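Observations on chain architecture
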Amino acid sequence: MRKDKKQVIGDEISDDYIKTFLQFEPADGVTSPSLHKLVKAYRGLRVDDFERFIGFFVEAGLDLDGKDEHGKTFVEQIADQRNAAEYLEIIAKARG
């Protein structure tokens, strides 16, 4: 494969499928619904699909800074994870 070509693994995911991540609700009643949706999408989507999800997330008026029961935001939760940089960049872009 040429170096300038990105490897695509798996099939293209539809917008409708990505939007299903907006439907997840936390079971604990403490975690912000917005944060719960972000975490589910982070765990379940590839980076490019997560970027598309964030567009739908912002369009729906959801909060990029929702907090968990310990007061941590999504960015704070994933900041020390090995593959977080691209996701953090997507969040930063969404904030403007």
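Structure first, text after, so check above.
Summary of the structure given here. The structure displayed is predicted, hence computed values, not measured ones. (Residues numbered from 1 in each chain as written. Predicted model: local features only at pLDDT ≥ 70, side-chain atom pairs only at ≥ 80, totals over all residues. Heavy atoms only, no water.)

**Topic: the packing of aromatic side chains**
- In total, this model carries nine aromatic pairs according to the counting rule given.
- With centroids separated by 6.5 Å and ring planes inclined at 75°, the aromatic side chains of F21 and F53 adopt a geometry described as edge-to-face. Pair noted here: F21 is in the loop between α1 (15-19) and α2 (33-44) and F53 is in helix α3 (residues 47-59), with a separation of 32 residues, a long-range link. One exposure class covers both F21 and F53, and it is buried.
- An angle of 25° between the planes, with centres 6.0 Å apart, marks the rings of F50 and F74 as stacked. (Phe/Tyr/Trp six-rings, centres within 6.5 Å; stacked < 30°, edge-to-face > 60°. Helix = DSSP H or I, 4+ residues; strand = E, 2+ residues; numbered from the N terminus. Buried < 20%, exposed > 50% of the residue type's maximum accessible area, 1.4 Å probe, protein only.)

**Points about helix α5 (residues 84-95)**
- With twelve residues, α5 should cover 16 Å at 1.5 Å per step; its first-to-last C-alpha distance of 17 Å lies within 8% of that length.
- Along α5, the residues that are buried comprise A84, Y87, I90 and I91. Down the axis, α5 shows its buried residues gathered within 125° of arc, on one side only. Set apart from the buried face of α5 by more than 90 degrees, the exposed residues are A85 and K93.
- Tucked inside the fold, the buried residues of α5 contact α2, α3 and α4 (74-78).
- Trailing α5 by a residue or two, G96 shows a phi angle of about 100°, which is positive. (Expected span 1.5 Å × (residues − 1). Arc of directions from axis to C-beta. Contact = heavy atoms within 4.5 Å.)

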